[in-house]
Amino acid sequence: MSYETVIGLEIHVQLATETKLFCGCSTEFGAEPNTQVCPVCLGMPGVLPVLNRRAVEFALRTATALDCTINTRSVFSRKNYFYPDLPKGYQISQFTEPVAEHGHLDIETSEGTKRIGITRIHMEEDAGKLLHGEGAEEDSYSFADLNRACVPLIEIVSEPDIRSAEEAVAYMKAMRDIVVYTGVCDGNMEHGSFRCDANVSIRPVGREKFGTRAELKNINSFKFVKDAIEYEEQRQADLLDEGGTVVQETRLFDSAKGITVSMRSKEEAHDYRYFDEPDLLPLVVPGAMLEEVKATMPELPRAKRDRFVSEYSIPEYDAGVLTATRALADYYEAVVKETKEPKASSNWVMGEVLRVLKEENRDITDCPLEPKRLAELVTMVKGGKINSNMAKEVFEEIYKSGKTAAEVVEAKGMTQISDEGELVSQIDSIIAANPDEAERFRGGEVKLQGFFVGQIMKATRGQANPQIVNKLLKERLKG
Amino acid sequence: MSITGKDVEYVAGLARLALKDDEVDTYTAQLQRILSYVEKLSELNTEGVIPTAYSVSTSTPMREDIRAVSLERDEALKNAPSTARGCFKVPRIIE
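All of these numbers come straight from a predicted model, not from anything done at the bench.

**With respect to the overall build of chain B**
Within chain B one finds 3 helices and 3 strands. Counting helices and strands in the order they occur from the N terminus, chain B gives α-α-β-α-β-β. Computed over C-alpha atoms, the radius of gyration of chain B comes to 22 Å, more than 25% over the 12 Å expected from 2.2 N^0.38 for 95 residues, which places it beyond the range of a compact globule. Counting only C-alpha atoms, chain B reaches 55 × 45 × 25 Å along its principal axes. Each of the 95 residues in chain B was classed as buried or not, and the buried ones make up 20%. Total accessible area on chain B stands at roughly 7600 Å², and carbon and sulfur atoms take up 57% of it. Each charge class in chain B can be summarised by its mean position, and for the 12 positive and 15 negative side chains these summaries are 10 Å apart.

**A word on the overall build of chain A**
For chain A, the count of helices and strands is 15 helices and 17 strands. Scaling as 2.2 N^0.38, a compact globule of 479 residues should have a C-alpha radius of gyration of about 23 Å, whereas chain A reaches 30 Å, well beyond that. Out of the 479 residues in chain A, the part that is buried amounts to 49%. Pairs at least 24 apart in sequence give 68% of the contacts found in chain A among residues at least 6 apart. Of the roughly 22400 Å² of accessible surface on chain A, 49% is carried by carbon and sulfur atoms. If the 59 positive side-chain charges of chain A are averaged to one point and the 79 negative ones to another, these points end up 4 Å apart.

**Focus on the environment of Leu328 of chain A**
Residue and element names in this part refer to chain A. Following the sequence through the fold, Leu328 ends up in helix H7 (residues 326–339). Given the relative accessible area of 5%, Leu328 is considered buried. Sequence separation between Leu328 and Val349 is 21 residues, and the spatial gap between their C-alpha atoms is 8.7 Å. Apart from the residues lying within four places of it in its own chain, the contact partners of Leu328 are Val321, Leu322, Val349, Leu354 and Ile364.

**Re the interface of chain B and chain A**
Opposite the 36 residues of chain B that make contact, chain A presents 62 residues. Interface of chain B and chain A: buried area, both sides summed, is about 4200 Å²; carbon and sulfur atoms make up 56% of it. By the criterion of area lost to chain A, the three top residues of chain B are Tyr54, Met62 and Arg63 of chain B, representing 19% of everything that side buries. Joining chain B to chain A, the criterion identifies 4 salt bridges. Among the ionic pairs, Glu18 of chain A bridges to Arg67 of chain B, the shortest N-O distance being 3.1 Å. Linking chain B with chain A are 25 residue pairs in polar contact (both at pLDDT 80 or more), by the criterion used here.

**Examining the domain arrangement of chain A**
All names here are of chain A. One can read the domain layout of chain A as domain 1 (3–290), domain 2 (299–412) and domain 3 (420–478). For domain 1 versus domain 2, the separation of C-alpha centres amounts to 38 Å. Each partner contributes to the roughly 750 Å² buried at the junction of domain 1 and domain 2, and carbon and sulfur atoms together form 56% of this total. Broken down residue by residue, the surface that domain 1 buries against domain 2 is led by Glu108, Asp177 and Tyr181, which jointly contribute 70%. Viewed at the interface, domain 2 and domain 1 are joined by 2 salt bridges. Note that Arg305 and Glu108 form a salt bridge whose closest N and O atoms lie 4.0 Å from each other. Between the two partners, domain 1 and domain 2, sit 3 residue pairs in polar contact (both at pLDDT 80 or more). Sorting the residues of the side of domain 1 that touches domain 2 by element identifies strand E7 (100–109) and helix H2 (165–181) as the ones contributing at least two each. Its residues assigned to classes, the side of domain 1 that touches domain 2 shows 3 nonpolar, 3 polar and 3 charged.

**Description of a negative patch on the surface**
All names here are of chain B. Negative charge collects at one region of the surface, where Glu9, Asp21, Asp22 and Asp25 lie side by side. Here the element with the most residues in the negative patch is helix H2 (residues 21–39); it accounts for 3 residues. Relative to the helices and strands, Asp25 resides in helix H2.

**A look at the side chain of Ser346 of chain A**
Residue and element names in this part refer to chain A. Mapped onto the elements, Ser346 comes out in helix H8 (residues 342–359). Side-chain polar atoms of Ser346 contact the side chain of Asp318, separated by 2.6 Å. Those residues in contact with Ser346 that sit more than four places away from it in its chain are Ile314, Asp318, Leu322, Tyr332 and Gly351.

**What to know about the packing of helix H12 (residues 420–433) of chain A against helix H14 (residues 448–459) of chain A**
Describing two packed helices takes the angle between their axes plus the distance from one axis to the other. Residue and element names in this part refer to chain A. The contact between H12 and H14 brings their axes to 10 Å, and the two run at 120 degrees. Here H12 lies oblique to H14, going by the angle between them. For the crossing formed where H12 meets H14, the hand is right-handed. On H14, the residues touching Gln426, Ile427, Ile430 and Ile431 of H12 are Phe452, Gln455, Ile456 and Ala459. The residue inventory of the contact of H12 with H14, partitioned by class, reads 6 nonpolar, 2 polar and no charged.

Quick notes on the rules
- Residues numbered from 1 in each chain as written.
- Chains lettered and ligands numbered in written order.
- Predicted model: local features only at pLDDT ≥ 70, side-chain atom pairs only at ≥ 80, totals over all residues.
- Heavy atoms only, no water.
- Helix = DSSP H or I, 4+ residues; strand = E, 2+ residues; numbered from the N terminus.
- Rg over C-alpha atoms; globule rule 2.2 N^0.38 Å.
- Buried < 20%, exposed > 50% of the residue type's maximum accessible area, 1.4 Å probe, protein only.
- Areas by Shrake-Rupley, 256 points an atom, 1.4 Å probe, with all protein chains shown as cover.
- Lys, Arg positive; Asp, Glu negative; His and termini not counted.
- Charge placed at Lys NZ, Arg CZ, Asp CG, Glu CD.
- Contact = heavy atoms within 4.5 Å.
- Buried area = accessible area lost by both parts, 1.4 Å probe.
- Salt bridge = Lys/Arg side-chain N within 4 Å of Asp/Glu carboxyl O.
- Polar contact = N/O pair within 3.5 Å; in protein donor to acceptor, adjacent residues only side chain to side chain.
- Domains from an automatic or database assignment.
- Nonpolar A, V, L, I, M, F, W, Y, C, P; charged D, E, K, R; others polar.
- Patch = residues over 30% accessible without salt bridge, like charges linked within 9 Å, V, L, I, M, F, W, Y side chains within 5 Å.
- Axes fitted to C-alpha atoms, helices over the stretch in contact; angles between N-to-C directions.
- Parallel < 35°, antiparallel > 145°, perpendicular 65-115°, else oblique.
- Left-handed = near helix turned anticlockwise from the far one by under 90°.

Quick look at the structure:
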């Protein structure tokens, strides 16, 4: 039988605050275990949580970017369960009244743009991290590091509008672009700053009623999302084809084996006994705060890409590459501002700049070549002062040394020879030195043009202007 | 609302409490009395009153995103029954 897949994603976004959601402990990744904890995030008796203002701003910013309705009043709730990474025995989350609802995100699919609904965005605290013992002595123990406990998250829940693994990946990528662009998240998936759970079910094509879903937990890479969903589609289809039924359960994706496995420990339905958090009054978003957030919203990735195409007349492909991150887009725009040459600038940034950064495993924010110095080089090439081969050499130099392109060109005596008189005498002596080739050229062997250009370049140490050389060669060789 | 022994066992399970049979009976009776007492409230006419879990009408205060001093690790782990590797040591959790 042929089936249609129905997917809803719950994305957890770690907010890029300095401190935790309800206390002043640092959120920095990678600290020694249990060095960023205090009585509040350890769940000591008698302490009270105090809400981090910036976390609220970040939640509002995300909600605005996703066209959500913002609930100016929302309520925190306790989600009760026992787990050693949860010191209080409950997680402070939002349940019946989340901070935002009813948004959407447009994604690019092979069949064009598709709108995915956002059910809700709620704020919550993260849990700690469990390390599992290895070796005979530690085999029967786990070790709780509570540095991550109480780190601020937002959970973005999508409508079940996603129909394939590809769409799920496109949705996740678009979402990551947005949270990174708006500065609410560092987007680091390896560190778990951006991760998702996927609710996956299948139904016979044409049927409206949803099938029973499996919840795939804690997926932290685009590839894993694709692999996990594709595995799950097949598993459920096989089950139904054999006359079996899909059980509603939580499954863990084993990335090493590429399969999903039932988490037996969580098989029994949870009863989280949510109730309003008595230690926190409702969150009422001040009008001024909301206005400030709306007034300072940065341009979002899609809008920026569209603007690059229309404003700079560069191909959509270029615009896509250049707007991959806000920093790269800013870099490109700074170059164009100086050169007024959008396509040439795009070629340099996408070509040489990204190549050398990749080689050195560096980020654009850490690029030693400032946009201004690159712009000068682009302008020199465009103005015919140096040819493109020289330009590549100059690029390496200015990237490494901090010198300007003009300084490098001057020091190396690289200026391009565009003076026709000078080039004519060079060309004539090359023709004189190679009478056989000249004769064959005149006889119709036009590909020898390349040979002559090469000889002239050699004689001028690459400084001859190739366009002018080509033009003059034709004239002189006509005989 | 009437409480049964089954309800008590369920709640005890959620709270990870192992109750003996006679304790289940005791708590069933006690919880029943408590709930009946609270149920008196439903006799009140609450028409037009917005439900709330909070008795004050203000909203939650917010703090600036500024770092405060955390505990020293030794201090943080001091009350733990068992520690190792700078962590709280617990029975293995298998997932």
